[in-house]
Amino acid sequence: MKYEVVIIGSGLGGLICAHQLAKSGRSVVVLERERQLGGCLQSYRRGEVELDTGMHYVGGLAEGQHLYDAFDALGLMKLPWHKLDADGFDLIIIGGQTFPMAEGYDRFADTLSSYFPQAREALWQYVEMLRRLPSIDEIAHVNAYDYLTTLFRDPLLVNVVAGAAMRMELQRESLPLFNLAHGTSSYIQSSWRLKGSGNLIVNSLVGDIEAAGGVVCRQTEVTELKEQGGRIVAAVCADGSVVEGDIFISNVHPQLTFGWLKNSNVLKTMFRRRIAALDNTFGMFTASLVLKPGALPYFNHNKYVYREANVWEPSHLTAQSVMNVDRVMVSCRVPEDGGTCTRLVDLLTPLPWSMCQPWENTVVGRRGQDYKQMKERVAEGCIRLAEQVIPGLSTMVERQYTSTPLTWRDYTLSPCGSAFGVRKDCRNSLMTMLSPRTPVPNLYLTGQSLVLHGLEGVTKTAFNTLKSIMN
């Protein structure tokens, strides 16, 4: 069958494009290789609970803020959003000291000024930059670390303001200020959790797509994009089916997307080499803890715990020091039963790909006992560090489930299990920040590898992809 628009991948970016195009009257199909939809948003069920993968919280959902209009247009504001603490939606804990990240630009600066009084003026300059959010042309070439170390003389403050680093990758040499600013600003406006799993978002979008006449195909793996006359004419799938279309949108990593064009007369060798050479961000280890009923009162914020003031340093985990976790994000699920205690806590820490390489040629469920033991030891390291802020956490755990970059790679096709897609580089922003448009005139890209990641970044990117198609 032929469609006006063929979308490959059911991550947030692909679903947003499908949602808007289907509602505008286009015939749309989404092709997803997995049974579960949602990409990094997807949740999975274990017993009576649904566990999240990449969805933990989002910023800027109040009316007039960064994401409100987009989420309202997508029908997502009707979901059960739960606002985090205004006095400290994130707590940054470094070497045993706690620094709250307060809601509102002015309040954010005032609160941190009470801990760093000598930096009051500099903090106000910082929040004014975040409030204004300079354009990509203004600050994509500016190094975020250099900006912060020039603005703030206290190295501890440089660590604190970037302490929510596990929702992005901090690369001292390369991270553009544009990405740090956009990955920070909306959370300061307001921060929110879902009262439920990320599947609420996925199911809402898919329901609207199908109600508008769109088609969503599960377990339909694209293996090739057929080019004819300089345009894509069809997607060839692993089961032998062929899906024809006028426009194609890939929500899959660009390195994989262009690999599907096996005999292209449009893609030049130099372009292929450029895409193949792109570096990718690190992957994440997640320990999802199901707690004993009534064991832990719900806390309405996230905790970012660092053993030392080394936020801008890469993770030092190795096979020889597998339990030496030195940073962990602690997030919990809003009680869905109306009670005061949480049943689910997620612990996240960066995990170098080198830790996964012994099993890189394996598949989910068949990695062996050594892999299982490695995961258990990293989880134990995460729990030990988290116990600095939640004493006795290990005794509260009823059962736990873990995932690594290998898991992400196998379910999302992200190279080396990259959590945030292509690494952006202020030294070469034109090469590492990708356009939705490609050399093939009817093939477009969307997703976190283009410019910005996270729910806000992917949402903005999807709307930019739609704008490129409409123009």
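Look above for the structure.
Structure report, in brief. These numbers were taken from a predicted model, which means no experiment stands behind them.

1. Topic: the sheet that holds strand S20 (residues 397–403)
The mixed open sheet is built from seven strands, whose spatial order is S8-S7-S16-S17-S19-S14-S20. The open sheet has two free edges, formed respectively by strand S8 (97–101) and S20, since each of these has just one partner strand. Within this sheet the neighbouring strands show an average axis-to-axis angle of 20°, counted without direction.

2. A closer look at the pattern of salt bridges
Side chains that differ in sign of charge can pair as their charged atoms come close. One pass over the full model with this rule turns up 25 salt bridges. A salt bridge links aspartate 87 to arginine 107; the shortest N-O distance between them is 2.1 Å. Of this pair, aspartate 87 sits in the loop between strand S6 (81–83) and strand S7 (90–94) while arginine 107 sits in helix H3 (residues 105–115); the two residues are 20 residues apart in sequence, bridging distant segments of the chain. Each of Glu48, Arg343, Glu398 and Arg399 takes part in one network of salt bridges that share partners.

3. Describing the layout of surface pockets
Estimated volume of the second largest pocket: approximately 910 Å³. Surrounding the second largest pocket, 32 residues form its lining, Tyr44, Arg46, Val364, Thr407 and Tyr411 being those nearest its centre. Only strand S3 (43–46), strand S14 (283–291), helix H13 (369–386), S20 and helix H15 (405–412) provide two or more residues apiece to the lining of the second largest pocket.

4. Side note on helix H1 (residues 12–23)
The periodicity of an α-helix, 3.6 residues per turn, causes residues three or four positions apart to be oriented the same way. Given a rise of 1.5 Å per residue, twelve residues ought to cover 16 Å, and the 16 Å separating the end C-alpha atoms of H1 matches this to within 8%. Phi turns positive one or two residues past the end of H1, at glycine 25, with a value near 100°.

5. Details of helix H17 (residues 454–470)
Helix length check: H17, at 17 residues, gives a terminal C-alpha distance of 24 Å against a target of 24 Å (1.5 Å per residue), a fit within 8%. Listing the buried residues of H17 in full gives Leu455, Glu456, Gly457, Val458, Thr459, Thr461, Ala462, Thr465, Leu466, Ser468 and Ile469.

6. Focus: empty space enclosed by the protein
Unfilled space is identified by rolling a water-sized probe across the atoms. One pass over the structure, following the stated rule, counts three cavities of 30 Å³ or more. Considering only enclosed or pocket space, the largest cavity measures out at about 150 Å³ in volume. In terms of lining residues, the largest cavity is bounded by 13 residues, among which Asp52, Met55, His56, Cys332 and Arg333 are the most central. For the lining of the largest cavity, the elements supplying multiple residues, two or more each, are strand S4 (49–52), strand S9 (191–194), strand S17 (327–332) and strand S19 (344–351). Classifying every residue of the lining of the largest cavity gives six nonpolar, three polar and four charged.

7. Brief notes about the sheet that holds S9
Spatial ordering of the open sheet is given by S5-S9-S6, a layout of three strands whose pairing is antiparallel. Every interior strand has two partners, whereas the edge strands, strand S5 (58–59) and S6, have only one. Both S6 and S9 contribute to a ladder of three bridges, which runs antiparallel. Bridge pairing in S9 places histidine 82 opposite arginine 193.

8. Considering the nonpolar core
Ranked by internal contacts, the top residues of the largest apolar core, which has 121 residues, are Tyr126, Phe152, Leu225, Trp312, Leu347 and Val378. Filtering out sequence-adjacent residues up to four positions away, leucine 347 remains in contact with Phe285, Thr286, Ala287, Leu289, Val328, Met329, Val330, Cys382, Ile383, Ala386 and Leu393. If you look at the next biggest cluster of nonpolar residues, it comprises 39 residues, including Cys17, Leu21, Leu74 and Leu79.

9. Some remarks on unusual backbone geometry
One non-glycine residue, glutamine 219, lies in the positive phi region at around 50°. In this structure, glutamine 219 sits in the loop between strand S10 (215–217) and strand S11 (222–228). With a relative accessible area of 57%, glutamine 219 lands in the exposed category. For leucine 413, which is not a glycine, the phi torsion comes out positive at approximately 65°. Within the secondary structure, leucine 413 sits in the loop between H15 and helix H16 (429–432). Note on leucine 413: relative accessible area 24%, which makes it partly exposed.

Rules and cut-offs
Residues numbered from 1 in each chain as written. Predicted model: local features only at pLDDT ≥ 70, side-chain atom pairs only at ≥ 80, totals over all residues. Heavy atoms only, no water. Pairing = 2+ DSSP bridges. Helix = DSSP H or I, 4+ residues; strand = E, 2+ residues; numbered from the N terminus. Axes fitted to C-alpha atoms, helices over the stretch in contact; angles between N-to-C directions. Salt bridge = Lys/Arg side-chain N within 4 Å of Asp/Glu carboxyl O. 1 Å grid on protein atoms, 1.4 Å probe; cavity = no way out; pocket = protein on both sides within 12 Å on 5 of 7 lines; lining within 4 Å. Points joined across faces, edges and corners; volume = space filled by probe spheres on them. Expected span 1.5 Å × (residues − 1). Buried < 20%, exposed > 50% of the residue type's maximum accessible area, 1.4 Å probe, protein only. Nonpolar A, V, L, I, M, F, W, Y, C, P; charged D, E, K, R; others polar. Core = buried A, V, L, I, M, F, W, Y, C linked by side-chain atoms within 4.5 Å. Contact = heavy atoms within 4.5 Å.

Nothing here speaks to function; it is geometry throughout.
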